[in-house]
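# Topology and contacts: notes
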Amino acid sequence: MMKLTNKTKFDVCVASHFGMCFGVKAAIAKTKKLASHTPITILGELAHNDTVIKKLENLGAKKSNLEDHNAKTPNVIITAHGTSDTQRKKWADNGYIVTDTTCPLVHKAHNALKTLILAEYTPVLIGKPEHVEVRGLAGDFPQTQIILNIQDIDKLNIKNNKIGIISQTTQQIDHVNSLLSEIKQKYPNAKVKYIDTVCSPTKERQTALVDLCNKSEIIIVVGGKNSNNTAQLAQKCRNLGCVAYHVQSPNDIKPTWFTGYKKVGITAGTSTPDEDVENIKRKLLQIATA
Ligand code: SF4
């Protein structure tokens, strides 16, 4: 907790883990380096954040769809969320020079799914069917059955009485565990093998959020308005009993929000760069000492 002066209206506490993960940071650094000396097209969104997108646009980076196979530059970038080998090959076969910034922990999820399939488990993936990472996993292994909610478990078609489960790297670990125990209950005689593919930055941020909620009355969650992950984070704070606001820039903050509160927390979505969090922190400290 950041204690200011006697005149401080409230204390400001920043989550111990927050914001952009190492996988997205590395992808952005690689993309910026390439964009600084050659025209590039990014296949999808490197990060759902205006600051990041504007910086890349200023470097001349173009944007295209991963599934289109039609870009305006010879060099194309696969984002940290990864894709299937089929997609990678299609771009290369169409003559593009492919730079792959897939996060190593997404590669790990692909390998885990492959391991389960080779061992003849019915592959089940916990995740959002429309998410680019999930599309990549299912693209490599089309026999994968994707579930997101408890209701989806009823639709599973289990062969061999063997169920192999992984999840999208950014799923909430408690949600994954609850689906896992539902599956075990529904198929008590099946051999269930679960490989934990929720990535460590996601787990650290989830634990840090609970800790932050225990220390704060009101939490400012920093991230792009189109960042689903940031919106989810704000909702999770509310579920944990805190007042939460999702903001993109210091201009979104209203000093009246903090009236009557003594402990204010800050966290950020996984696509939010550190400089956006710093700008918000500065604004909060100004309000706290005004
Ligand atoms: S797998 Fe985790 S560390 Fe890698 S890009 Fe995704 S969120 Fe970031």
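Residues numbered from 1 in each chain as written. Predicted model: local features only at pLDDT ≥ 70, side-chain atom pairs only at ≥ 80, totals over all residues. Heavy atoms only, no water.

### Some remarks on the site of the ligand
- Every residue lining the ligand is accounted for by Cys 21, Phe 22, Gly 23, Cys 103, Leu 105, Val 106, Thr 169, Thr 170, Cys 199 and Pro 201.
- Each residue belonging to the shell around the ligand can be placed in one class, and the counts come to seven nonpolar, three polar and no charged.
- Viewed by domain, the shell around the ligand spans two of them, domain 2 (22-103) and domain 3 (105-198), each represented by three or more residues. (Near = heavy atom within 4 Å. Nonpolar A, V, L, I, M, F, W, Y, C, P; charged D, E, K, R; others polar. Domains from an automatic or database assignment.)

### Digging into the domain arrangement of the protein
- Domain boundaries in the protein define domain 1 (11-20 + 201-289), domain 2 (22-103) and domain 3 (105-198).
- Measuring from the centre of the C-alpha atoms in domain 1 to the corresponding centre in domain 2 gives 29 Å.
- With 12 residues of domain 1 in contact, the opposing surface of domain 2 contributes 12 residues.
- With both sides pooled, the region where domain 1 packs onto domain 2 buries about 960 Å², and carbon together with sulfur makes up 48% of that total.
- When the area that domain 1 buries against domain 2 is broken down by residue, the three leading residues are Met 20, Asn 226 and Ser 271, summing to 47%.
- Lys 25 is the partner of Asp 274 in a salt bridge, and the nearest nitrogen-oxygen pair spans 3.4 Å. (Contact = heavy atoms within 4.5 Å. Buried area = accessible area lost by both parts, 1.4 Å probe. Salt bridge = Lys/Arg side-chain N within 4 Å of Asp/Glu carboxyl O.)

### As for the side chain of Gln 168
- For Gln 168, the position within the fold is in the loop between β8 (162-167) and α6 (173-186).
- A relative accessible area of 2% means that Gln 168 is categorised as buried.
- A distance of 2.9 Å separates a polar atom in the side chain of Gln 168 from the backbone nitrogen of Lys 128.
- The contact partners of Gln 168, leaving out residues within four places of it in the chain, are Leu 125, Ile 126, Gly 127, Lys 128, His 131, Glu 133, Val 134 and Val 198. (Helix = DSSP H or I, 4+ residues; strand = E, 2+ residues; numbered from the N terminus. Buried < 20%, exposed > 50% of the residue type's maximum accessible area, 1.4 Å probe, protein only. Polar contact = N/O pair within 3.5 Å; in protein donor to acceptor, adjacent residues only side chain to side chain.)

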